[in-house]
Amino acid sequence: ETGVTQTPRHLVMGMTNKKSLKCEQHLGHNAMYWYKQSAKKPLELMFVYNFKEQTENNSVPSRFSPECPNSSHLFLHLHTLQPEDSALYLCASSQDKEGRVYFGAGTRLSVL
Amino acid sequence: DAKTTQPPSMDCAEGRAANLPCNHSTISGNEYVYWYRQIHSQGPQYIIHGLKNNETNEMASLIITEDRKSSTLILPHATLRDTAVYYCIVRVVGTASKLTFGTGTRLQVTL
C-alpha cells in the first residue's frame with residue numbers, strides 16, 4: 001500500500017463511451033501525475049499538477065481530459081478513445097522537497 | 001534531466017547479490033540518482049536515492065562513483081520476488097519535477 005489509490009483497477013470501454021479514472025492520495029503531497037504505459041514501452045508522462053494547477057501537458061490528445069479539484073484527488077476523463085489507447089494508466093504523487101514519487105497500482109484500460 | 005544508460009537485461013541466482021549498473025555521465029551537480037523498480041503490471045516502487053554518498057536502506061545499497069558519472073544498485077541477497085524492471089533516473093529535487101523513465105534493466109532472479 002503506497003498511499004495512492006486508483007479506481008477502477010480494470011476498465012473495458014467502447015470507442016464511443018465516456019469514462020473517468022480516479023486517483024486519490026492520502027500522503028499530503030502537493031504534486032500529482034498521470035503516466036501511461038503501453039505494452040512493452042517505457043512509462044510516458046502525460047500530465048503534472050502542482051497545488052491543483054496543471055504545470056505540464058506532454059502533447060496529450062484532447063480525448064484525455066485531466067481534472068484536479070484539490071491536492072488529494074486527480075481524475076482522468078476519457079472520451080472517444082481509440083484501441084491504441086489501451087494501456088496501463090498510472091497515477092503518482094510527490095512532495096517537492098522530498099523528491100520521492102509514489103505510484104498507485106494503476107488502471108488497466110482496454111478500448112474495444 | 002540527465003540521460004541514463006542501463007543494460008537491457010541481467011540474470012542473478014537466488015541468494016546472490018544483484019549488481020545493477022547505470023551510467024549518467026551528463027549528471028548535473030544538483031541532480032540526484034533515483035532507483036525504482038516495476039514488478040510486472042504494477043506501479044513502480046521507489047527503492048533508494050542519493051546525491052554523492054553511498055546509501056543503504058532495508059531494500060538495497062546505492063554506490064555512486066566519486067565523479068558521479070555512474071552508479072550501482074546492489075540487492076544483497078536477491079530473491080525470486082526481486083524479479084522486475086529496474087529504472088535508474090536522475091532528477092532535480094525541489095520542484096514538481098517529473099520522473100522520466102527509460103527502458104530500464106530487466107532483472108531475472110532464478111533458482
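Everything discussed here concerns the structure shown above.
Basis of the calculations
- Residues numbered from 1 in each chain as written.
- Chains lettered and ligands numbered in written order.
- Predicted model: local features only at pLDDT ≥ 70, side-chain atom pairs only at ≥ 80, totals over all residues.
- Heavy atoms only, no water.
- Helix = DSSP H or I, 4+ residues; strand = E, 2+ residues; numbered from the N terminus.
- Areas by Shrake-Rupley, 256 points an atom, 1.4 Å probe, with all protein chains shown as cover.
- Lys, Arg positive; Asp, Glu negative; His and termini not counted.
- Charge placed at Lys NZ, Arg CZ, Asp CG, Glu CD.
- Phe/Tyr/Trp six-rings, centres within 6.5 Å; stacked < 30°, edge-to-face > 60°.
- Buried < 20%, exposed > 50% of the residue type's maximum accessible area, 1.4 Å probe, protein only.
- Lys NZ or Arg CZ within 6 Å of the ring centre and 35° of its normal.
- Polar contact = N/O pair within 3.5 Å; in protein donor to acceptor, adjacent residues only side chain to side chain.
- Contact = heavy atoms within 4.5 Å.
- Pairing = 2+ DSSP bridges.
- Salt bridge = Lys/Arg side-chain N within 4 Å of Asp/Glu carboxyl O.
- 1 Å grid on protein atoms, 1.4 Å probe; cavity = no way out; pocket = protein on both sides within 12 Å on 5 of 7 lines; lining within 4 Å.
- Points joined across faces, edges and corners; volume = space filled by probe spheres on them.
- Nonpolar A, V, L, I, M, F, W, Y, C, P; charged D, E, K, R; others polar.

Trainee: Go over the overall build of chain A, please, and point to the residues and values.
Mentor: When helices and strands are tallied, chain A shows zero helices and 11 strands. Going residue by residue from the N terminus, the α and β elements of chain A occur as β-β-β-β-β-β-β-β-β-β-β. Dimensions of chain A, computed from C-alpha atoms along their principal axes, come out at roughly 40 × 25 × 20 Å. Carbon and sulfur atoms make up 50% of the accessible area of chain A, which totals about 5,400 Å². Distance between charge centres in chain A, computed from 12 positive and 10 negative side chains, equals 6 Å.

Trainee: Describe the packing of aromatic side chains, and please don't skip the residues or the numbers.
Mentor: According to the stated counting rule, one finds 11 aromatic pairs over all chains in the structure shown. With centroids separated by 5.8 Å and ring planes inclined at 35°, the aromatic side chains of Phe64 of chain A and Tyr89 of chain A adopt a geometry described as tilted. Residue Phe64 of chain A is found in strand S7 (residues 64-70), and its partner Tyr89 of chain A is found in strand S9 (residues 87-94); the two are separated by 25 residues along the sequence. Residue classification places Phe64 of chain A among the buried positions, given a relative accessible area of 5%. Owing to a relative accessible area of 0%, Tyr89 of chain A belongs among the buried residues under this scheme. When the ring of Phe103 of chain A is compared with that of Phe101 of chain B, the centres are 5.9 Å apart and the planes differ by 75°; the resulting orientation is edge-to-face. Linking Phe103 of chain A in strand S10 (residues 101-103) with Phe101 of chain B in the loop between strand S8 (84-92) and strand S9 (105-110), this pair reaches from one chain into another. Side by side, Phe103 of chain A and Phe101 of chain B carry an identical accessibility label, which is buried. Among the aromatic residues, ring-to-ring pairing joins Tyr33, Tyr35 and Phe103 of chain A together with Tyr34, Tyr36, Tyr46, Tyr87 and Phe101 of chain B into one connected group. Taking the ring centre of Tyr34 of chain B as reference, the NZ or CZ of Arg91 of chain B above it sits at 5.5 Å.

Trainee: Quick one: what's the story with the side chain of Arg68 of chain B, residue by residue and with numbers?
Mentor: Residues and elements named next belong to chain B. Of note, Arg68 is situated in the loop between strand S6 (61-64) and strand S7 (70-75). Separated by 3.1 Å, the side chain of Arg68 and the backbone oxygen of Glu31 make a polar contact. Here Arg68 is in contact with His24, Ile27, Ser28, Gly29, Glu31, Leu51 and Lys52, once residues within four sequence places are set aside.

Trainee: So what about the pairing of S8 of chain B? Which residues, and what values?
Mentor: Residue and element names in this part refer to chain B. Within S8, eight of the nine residues are buried, which leaves the element mostly enclosed by the surrounding structure. Pairing geometry for S8 and S9, over three bridges, is antiparallel. Considered in S9, the bridge of Ala84 is made with Leu107.

Trainee: Lay out the pattern of salt bridges in plain terms, naming residues and giving numbers.
Mentor: All names here are of chain B. Here the structure, examined in full by the defined rule, presents two salt bridges over all chains. Measuring nitrogen to oxygen at the nearest pair gives 2.8 Å for the salt bridge that ties Asp82 to Arg37. Of this pair, Asp82 sits in the loop between S7 and S8 while Arg37 sits in strand S3 (residues 31-38), and the two are 45 residues apart along the sequence. According to the relative accessible area criterion, Asp82 is buried, its value standing at 13%.

Trainee: Describe the layout of surface pockets, and please don't skip the residues or the numbers.
Mentor: Think of a ball as big as a water molecule: rolled over the atoms, this probe shows where empty space is left. The volume enclosed by the largest pocket comes to roughly 550 Å³. If you go around the largest pocket, you meet 25 residues; those closest to its centre are Gln37 and Lys40 of chain A together with His40, Val85 and Arg106 of chain B. Mapped onto the lining of the largest pocket, the elements with two or more residues apiece are S9 of chain A together with S8 and S9 of chain B. Its residues assigned to classes, the lining of the largest pocket shows nine nonpolar, 12 polar and four charged. Approximately 420 Å³ is the volume attributed to the second largest pocket. In this structure, the second largest pocket is lined by 20 residues; those nearest its centre are Glu1, Thr2 and Phe103 of chain A together with Gly43 and Pro44 of chain B. Grouping the amino acids of the lining of the second largest pocket by side-chain chemistry returns eight nonpolar, eight polar and four charged.

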